[in-house]
Amino acid sequence: MTTDAYTRPGKGAGELAGATDLDRGAPAGRTAPAAPGQTRGPAPVALLAVAAVLIGWGMAAADPHQIGALGIVDALDWRYVAGIVALAAAFVWELGAARPRTWLLASATCALVVAIYGVSPVVEQTSRLPTSWRHAGFINYIHDNGTVLHHYDARFSWPGFFAGVAVLMNTAGVGDASHLLLYASVVFMLAYLPCLAMIFRELGLSRRATWLALWLFLCADWADQEYLSPQGTAYLLSLVVLVIALRTSGRRAPVVGGTAVGGTAVGGTAVGRSASGGAARGRRDRLRALLEPPPPALGPREQMALLGCAAVLAFAVVASHQLSPPLLTLLLVSLLLTGRLRGRGLVLLVPILFVGYFTFGAVDFWSGHLSVVTGDVGGVGGTVNQTLSNRVQGSPTHLRIAFLRIVVVGVLFAGAAVGSLRRRRWRLGAVAQAAAIAPFGLLALQSYGGEALLRAYLFALPFLCALCAAAFLPAPDPDFGAPARRRRRGGLARRRPRAQTAGSGEDTVQMRIRRARPPRPELSRRLSALLLVVCTGAVAVQLICRGGNEEFVWFSHEEVAATQELYDLAPAGSTIGVLNGFFPGQNDDLGRVSLVNLESKCKPVVDPYQCALQLKPDYILITRAQDAYGRESESRPEKWAAADAASLERSAGYHRIRNSPDAIILARGVDGGLRTSRVDASTRPVLSVDQEG
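### Points about the state of the cysteines
Next, step 1: Counted by the stated rule, this structure contains 1 disulfide.
Next, step 2: Residue Cys-602 pairs covalently with Cys-611 via a disulfide, S to S 2.0 Å. The S-S bond linking Cys-602 to Cys-611 shows a torsion near 60°; that makes this disulfide right-handed. Accessibility assignment for this pair places Cys-602 and Cys-611 in one class, buried.
Next, step 3: The thiol sulfur of Cys-219 is not disulfide-bonded, and the nearest other cysteine sulfur, from Cys-535, lies at 7.1 Å.
Next, step 4: Exposure remark for Cys-219: the relative accessible area of 6% places this residue in the buried category.

Here's what the structure looks like:
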């Protein structure tokens, strides 16, 4: 705000004297000229358009059958790579401007979402991940029957997500949930971005650092949990709850004698500081006051309404996923302990809802299995070892990808440490540090079949990315803090009393006007070059880490058609065996047929062929993805699945009823007819976890 003198003419005057901007030094009657180089002009826009064309061209020309051990990278060519480089260059170029254009940075970020998370559905044209197909089957069952199937799968004990999608399908007139699978990852990631941006802003990151943190998040989320799943939805709802908690629970600046630290009165009027404090102390106090988290910008009624919405969303999280409520509780506790939250309502509500629902709503899950639920308490080392042992195995290429993921996590923590050091003068770094560490407290409670470490990493990722962005851009947002919030809400100041000008018929009115924010300095060329390397390299690493499993998590049209044909063919009460869990098994008719995983059903026997000889299921489905999983994750020989099929034909009385390059269906017949076996397939996993490499 500046105080400018506007001269208002009297009753005979015909001109209005020019205004003088005292701070900008502009001559009377003129506005201060825009500083040169505040924006980058049309060059980043043109570069972004070129990037979009190259990325789209590269994805359209990719062949899914070229996907190999490195995953989706093997199917992409120079056009896609050039598009990624152009996209990163456009993003960094605009980020370095004195006045970055928000719409352009948002467009580049959305283009990155499509480039990373949309490449698989565009190239493959079929829904990926076997778990997503099974979720579609669960949703269809609830949609068709209006209830869950008890004692079938542990995930039915948390049916909130499945029931919610079924209601939306019924409202929209959609009859099959598999139609929602293809682009679910893109939709989820686009939904995450606004929530993450608000969280980063509440942590005090500058606008530049916020955009950089979003880019890093998109390039570090290799966990592949954002498909049509309860955990993906619960993660989104948890982010919304965190945003509401931060926006409604700001902490006011400390008040000493009616004046906020830094010489700002509680009412927002600037007051002078005494000279005894010293200039250095005055600057330090003003900086601390600037970085003080802002008071809530909403009134009591608005805050109560938002907190009520947060309570409803928290219950939706509790009813949809097993691990998300404890992780959300740990994050809220970390914010409370660092003084970022004023109230304890949500911190107490989430665990109460979780315990209550677990006790009364998930009886099918824990009845008879309490030892499994409580057996991992305190076993942090065992949980970590179980997670690593399940993933750090397989072929040499798959091992390199697994180690690369571990390196990415280590680099994130190292970058977070650097960001913490660079922000050590600003106390808000402690909030992000505590929130980045808190989710790993879950490891002391439950291993979740080796998935707990992965979920903890996912909940800690936003805060790790915020600290990593602060390592490059440590300066806080100049508009963040209680004094800045009060200035923004102040608007135009009230008019001051008129002062009669001597010797004229004019009177002068003193009024404060909103001065344009001075442009931020441009980023140096050295820092811009470093950010370009980091942003480009992060995308390349993400494509390998996230797409490294692509060879066995995507399904061809032949595999989808063969699976559906088998479900239609199998009579009620028959048993379908699969070599492992990697097939597009939607299983619309849950309970009509029994599905047996031959790799895990006969433990300690882990050979699917030996298990098939013991159980003799009525049908056996063998797909290309199953063969790829055994080869890459279990170090099995080439074409091992086809060899098992031939052996079963010779020694177990099976014959082929479908034989295609990507799918084989074996049927067990006696005297030309089908014998229906009665394999006990009712045993369900206590913690329902699908192996996904």
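From this point on, the discussion continues.
### Regarding the nonpolar core
Next, step 1: In terms of nonpolar packing, the biggest core is built from 137 residues, with Tyr-80, Phe-91, Ile-139, Tyr-192, Trp-215, Phe-217 and Leu-332 touching the most fellow members.
Next, step 2: Broken down by element, this core gets its largest block of residues, 17 residues, from helix H19 (residues 452-472).
Next, step 3: Not counting the four nearest positions on each side in its chain, Phe-91 is found in contact with Leu-105, Ala-108, Thr-109, Trp-211, Leu-212, Trp-215 and Cys-535.
Next, step 4: Residues Val-596, Tyr-609, Ile-620 and Leu-666 belong to the second largest nonpolar core, which totals 17 residues.

### Focus on the packing of aromatic side chains
Next, step 1: Across all of its chains, the model carries 17 aromatic pairs by this definition.
Next, step 2: On the basis of an interplanar angle of 45° and a centroid distance of 6.3 Å, the ring pair of Phe-188 and Tyr-192 is categorised as tilted. Linking Phe-188 with Tyr-192, this pair stays in helix H7 (residues 184-202), spanning 4 residues, or about one helical turn. Tyr-192 carries the same exposure label as Phe-188, and that label is buried.
Next, step 3: Here the aromatic rings of Phe-552 and Tyr-629 are separated by 5.3 Å at their centres, their planes lie at 75°, and the arrangement is edge-to-face. Placement of the pair is Phe-552 in helix H22 (residues 550-553) and Tyr-629 in helix H25 (residues 624-633), with a sequence separation of 77 residues. Of the two residues examined, Phe-552 and Tyr-629, each falls in the buried class.
Next, step 4: Site record: aromatic cluster; members linked through ring pairs are Phe-138, Tyr-141, Phe-156, Phe-161 and Phe-162.
Next, step 5: Over the face of the ring belonging to Trp-640 we find Arg-636, whose NZ or CZ atom lies 4.8 Å from the ring centre.

### Thoughts on the packing of helix H24 (residues 608-615) against helix H26 (residues 640-651)
Next, step 1: The interhelical angle for the contact between H24 and H26, taken along N-to-C directions, is 30°, at an axis separation of 10 Å. Here H24 is positioned roughly parallel relative to H26, judged by the angle of their axes. Seen along the crossing, H24 lies across H26 with a hand that is right-handed. Residues Pro-608, Tyr-609, Ala-612 and Leu-613 of H24 form the contact with H26, whose own contacting residues are Trp-640, Asp-644, Ser-647, Leu-648 and Ser-651.
Next, step 2: The class makeup of the residues in the contact of H24 with H26 is 6 nonpolar, 2 polar and 1 charged.

### A closer look at the side chain of Glu-559
Next, step 1: Among the secondary structure elements, Glu-559 is positioned in helix H23 (residues 557-569).
Next, step 2: Apart from the residues lying within four places of it in its own chain, the contact partners of Glu-559 are Trp-554, Pro-584, Thr-623, Arg-624, Ala-625, Asp-662 and Ala-663.

### Examining helix H9 (residues 230-248)
Next, step 1: Relative to the 27 Å expected for 19 residues at 1.5 Å per residue, H9 spans 27 Å between its end C-alpha atoms, a close match to the ideal helical length.
Next, step 2: Most of H9 sits out of view: 17 of its 19 residues are buried.

### Concerning the side chain of Arg-101
Next, step 1: Here Arg-101 is to be found in the loop between helix H2 (78-95) and helix H3 (102-117).
Next, step 2: Those residues in contact with Arg-101 that sit more than four places away from it in its chain are Arg-40, Gly-41, Pro-44, Val-45 and Glu-94.

### Describing the packing of H9 against helix H12 (residues 324-337)
Next, step 1: Their axes nearest at 10 Å, the elements H9 and H12 cross at an angle of 20°. Between H9 and H12, the angle falls in the class roughly parallel. Both H9 and H12 take part in a crossing whose hand is right-handed. Here H9 contributes Ala-234, Ser-238, Val-241, Leu-242, Ala-245 and Leu-246 to the contact with H12, which in turn contributes Ser-324, Leu-328, Leu-331, Leu-332 and Leu-335.

### Let's talk about H24
Next, step 1: When H24 is considered as a whole, its buried residues turn out to be Pro-608, Tyr-609, Cys-611 and Ala-612. Angularly, the buried residues of H24 cover 160° about the axis, an arc narrow enough to put them on a single face.
Next, step 2: Structurally, H24 contributes buried residues whose contacts are with strand S9 (619-623) and H26.
Next, step 3: Of the residues one or two after H24, Lys-616 is the one with positive phi, at around 50°.

### A few points about empty space enclosed by the protein
Next, step 1: What the rule picks out here adds up to 7 cavities of 30 Å³ or more.
Next, step 2: In this structure, the second largest cavity occupies an estimated 110 Å³ of space.
Next, step 3: Taken together, 14 residues line the second largest cavity, and the ones lying closest to its centre are Arg-128, Leu-181, Leu-182, Ser-185 and Tyr-227.
Next, step 4: Within the residue set of the lining of the second largest cavity, elements represented by two or more residues are helix H4 (119-124) and H7.
Next, step 5: Looking at the lining of the second largest cavity residue by residue, the class counts come to 7 nonpolar, 5 polar and 2 charged.

The rules we used
- Going along each chain's sequence as written, the residues are numbered from 1 onward.
- Whole-chain, interface and lining totals are the exception, using all residues; otherwise, since this is a predicted model, local features are given only for residues with pLDDT of at least 70 and side-chain atom pairs are given and counted only at 80 or more.
- Side-chain metrics rest on all non-hydrogen atoms present in the structure, leaving aside hydrogens and water.
- Any pair of cysteine sulfurs within 2.5 Å is marked as a disulfide.
- Whether a residue is buried, partly exposed or exposed follows from its accessible area with a 1.4 Å probe, protein chains only, as a fraction of its type maximum: under 20%, in between, or over 50%, in that order.
- Here, nonpolar core means buried Ala, Val, Leu, Ile, Met, Phe, Trp, Tyr and Cys residues that are tied together by side-chain atoms lying within 4.5 Å of each other.
- The numbering of helices and of strands both runs from the N terminus, where a helix is a DSSP run of H or I of at least 4 residues and a strand a run of E of at least 2.
- Contacts: residue pairs with any heavy atoms within 4.5 Å of one another.
- Each pair of aromatic rings taken from Phe, Tyr and Trp, with Trp reduced to its six-membered ring, is defined by centres within 6.5 Å and is described as stacked if the planes are under 30 degrees apart, edge-to-face if over 60, and tilted in the remaining cases.
- For a ring to carry a charge above it, either NZ of a lysine or CZ of an arginine must fall within 6 Å of the ring centroid while also lying within 35 degrees of the normal to the ring plane.
- Between N-to-C directions, angles cover 0 to 180 degrees, with each direction set by a line fitted to C-alpha atoms, over the stretch in contact for helices.
- With respect to orientation, any angle under 35 degrees is reported as roughly parallel, any angle over 145 as roughly antiparallel, any angle of 65 to 115 as roughly perpendicular, and every other angle as oblique.
- Two helices that cross are described as forming a left-handed crossing if the nearer one is turned anticlockwise from the farther one by less than a right angle, and a right-handed crossing if clockwise.
- When residues are grouped by polarity, Ala, Val, Leu, Ile, Met, Phe, Trp, Tyr, Cys and Pro land in nonpolar, Asp, Glu, Lys and Arg in charged, and all others, Gly among them, in polar.
- Multiplying one less than the number of residues by 1.5 Å gives the expected span of a helix.
- What the arc describes is the spread of directions from the helix axis to the C-beta atoms.
- Both site types are read off a 1 Å grid over the protein atoms alone. A 1.4 Å probe that fits but cannot get out defines a cavity, while an open set with protein on both sides within 12 Å along at least five of seven lines defines a pocket; lining residues have an atom within 4 Å of a point.
- Grid points are joined across faces, edges and corners, and a volume is the space filled by probe spheres set on the points.

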